[in-house]
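So you can see what is in the structure, the chains are spelled out below.
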Amino acid sequence: MSGPPTNPPGQPQSSTKNESILRGASTETVHDAISDTIALAGTGGFAGYIDGMLVRDVLGRQPIFLETATQSSHGVMPDWAFNPLSLEAPATLPPGAVYDPSQRAISDDDIIYMDDNTSIDDANSDQQGNTVDVDVEIRHLDIARYWSLPKPPVTTDNDEAYRRVKKAIITQTQKQTTDNSNKSTAIAFSGGIDSAVVAAGRPNAPCYVAGFDGCHDITAAQEALSAMDRNADLHVIEISHTDIIEAIPQLVSAIGRTNPMDLAITVPLFIVARRVAADGFDRLALGQGADELFGGYAKVQKAPTDPRVNATTIRGAQRELVNTVPKQAERDMLAIRAGGVEPITPFLHDSIVESALTLPESLLVCGDQRKIALRMAADGIVPESVRTASKKAVQYGTYVSRELDRLARQDGFKRRMDHHIQKYVHSLIK
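Owing to the predicted nature of the structure, the values given are computational and were not obtained by experimental measurement.

Caption draft 1: Quick peek at the packing of helix H6 (residues 241–255) against helix H7 (residues 260–278). The geometry of H6 relative to H7 is characterised by a closest axis approach of 9 Å and an angle of 100° between their N-to-C directions. It follows that H6 is roughly perpendicular to H7 by the angle criterion. The segment H6 lies against H7, with Asp243, Ile244, Ala247, Ile248, Gln250, Leu251, Val252 and Ile255 engaging Asp262, Leu263, Thr266, Val267, Phe270, Ile271 and Arg274. Residue composition of the contact of H6 with H7, by class: 10 nonpolar, two polar and three charged.

Here you go:
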């Protein structure tokens, strides 16, 4: 899903009718996807300008922004950019959108604003951000054309469903073994099965893990690479309180969000990206998307009764989590790019997404086990100890969430205060 930057830093992008400026896919692929309204067109995500229109893939894996500071006229394309900092008042083009200004001028009903304008009192969950559920977007927006995720077919043939997943995973994660671009790619490595599968396909790429001293992710990364006979490939970045304090203003500016969950997730990503860039690499490969696609969350496993999801079935919860990908992808990509490198997310390629959506519940979760199909597919790719290892979310595995809370309390923002961490964050960016 990588692509060269096409607009200079600090400048909006303008385009002529006859040119195409795209990230993540060829002009031909995007044109076919638009013409035939193909949801999953065989790419890792795309966004940009084509045929006088702005486009963004259905899972929003490539973010793109519009300028709203000036009034848009019918038939006139507003300024736009891949980097929201290039615009005065950026707004996100919704995932799956094809915006054609010749249809009508853009309005406030068409866009999701980049700035974090949710009040502190209403912003204490990981659902805060600058996009909303894909299905809601498609239902309420009527500019140009949209495509939506296909409804997963009911699959009773477990072997067939598993074979599709296995083939897609091998193709998208292991084919990179002979990719000459390995020398410019590093791996964000947490020691879990997701990043281990990505690392296995890039045996010459160094692995980076960030976290506080003694944290789960550093220990897990060391143990996993030892099992993979790649001890020398690991670069450990120990995060300090100063790192968090310095990173937060930069991240708030880059991702447009101040909620503690988003920041606790992106702080380690940003710190790894910054170090990778300093070491001379220009791409960072990650395992993002595997949990959403393969049932990696406890709330999917417990879907019939878990209040954190609306779905009452495991497959329904999987689809619900897939619909959160656009918001998460935008957040993570902007944070990593702010660190100076381009993110690569093999698990979010269309072929893996499409195959994962056909999985029956028994290949998502079974009893206490999650990500069944992915763990089966990883057999022979990563060692058994890595294939079966449990994993913590990055904000907890790195201790960043814990230490962000500690910093807030040390600065006088006690837990008895409503949303004390976010109030601390606001104090850092004033």
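Caption draft 2: Region of the structure containing the pattern of salt bridges. One pass over the structure, following the stated rule, counts 19 salt bridges. Its salt-bridge partner being Lys371, residue Asp291 comes within 2.9 Å of it at the nearest N-O pair. Residue Asp291 is located in helix H8 (residues 290–294), and its partner Lys371 is located in the loop between strand E16 (369–370) and helix H13 (372–377); the two are separated by 80 residues in the primary sequence. Per residue, the accessibility class of Asp291 equals that of Lys371, and both read buried. With a closest N to O distance of 2.7 Å, Arg308 and Asp306 form a salt bridge.

Caption draft 3: Seen up close, the environment of Thr70. Position of Thr70 among the secondary structure elements: in the loop between strand E4 (65–67) and strand E5 (80–81). The exposed category is assigned to Thr70, whose relative accessible area is 55%. Residues Thr70 and Ala89, 19 residues apart in the sequence, show an inter-C-alpha distance of 8.8 Å.

Caption draft 4: Seen up close, the sheet that holds strand E12 (residues 234–238). Strand order in this open sheet of five strands is E12-E11-E10-E13-E14, and the pairing throughout is parallel. A single partner strand is all that each edge strand has here, and the edge strands are E12 and strand E14 (342–344). Along the sheet, successive strands turn relative to each other by an average axial angle of 30°, direction set aside.

Caption draft 5: Layout of the pairing of E12. With five bridges joining them, strand E11 (residues 207–211) and E12 adopt parallel strand pairing. The partner of Cys207 across the bridge, within E12, is Leu234. Of the crossover connections in this fold, the one passing from E11 over helix H5 (residues 216–227) to the parallel E12 is right-handed.

Conventions and cut-offs
- Position numbers for residues start from 1 in each chain and track the written sequence from start to end.
- Where totals are concerned, whole chains, interfaces and linings use all residues; where local detail is concerned, this predicted model gives features only for residues with pLDDT of at least 70, and gives and counts side-chain atom pairs only at 80 or more.
- Each side-chain value is derived from all of the structure's non-hydrogen atoms; neither hydrogens nor water enter the calculation.
- For helices, the fitted line uses only the C-alpha atoms of the stretch in contact; every axis is such a line through C-alpha atoms, and the angle between N-to-C directions lies from 0 to 180 degrees.
- Going along the chain from the N terminus, every DSSP run of H or I of four or more residues is numbered as a helix, and every run of E of two or more is numbered as a strand.
- When an angle is under 35 degrees it counts as roughly parallel; over 145 it counts as roughly antiparallel; between 65 and 115 it counts as roughly perpendicular; any other value is oblique.
- Two residues qualify as a contact provided that any one of their heavy atoms is within 4.5 Å of a heavy atom in the partner residue.
- Classification convention: Asp, Glu, Lys, Arg as charged; Ala, Val, Leu, Ile, Met, Phe, Trp, Tyr, Cys, Pro as nonpolar; all other residues, Gly among them, as polar.
- Within this document, salt bridges are pairs made up of a side-chain nitrogen of Lys or Arg and a carboxyl oxygen of Asp or Glu, the two lying within 4 Å of each other.
- Only protein chains enter the area calculation, which uses a 1.4 Å probe; residues under 20% of their type maximum are buried, those over 50% are exposed, and those in between are partly exposed.
- Note on pairing: two strands pair once DSSP finds at least 2 bridges between them.
- Think of it like this: strands point away, you trace from the first strand over the helix to the second, and a clockwise trace means the crossover is right-handed.

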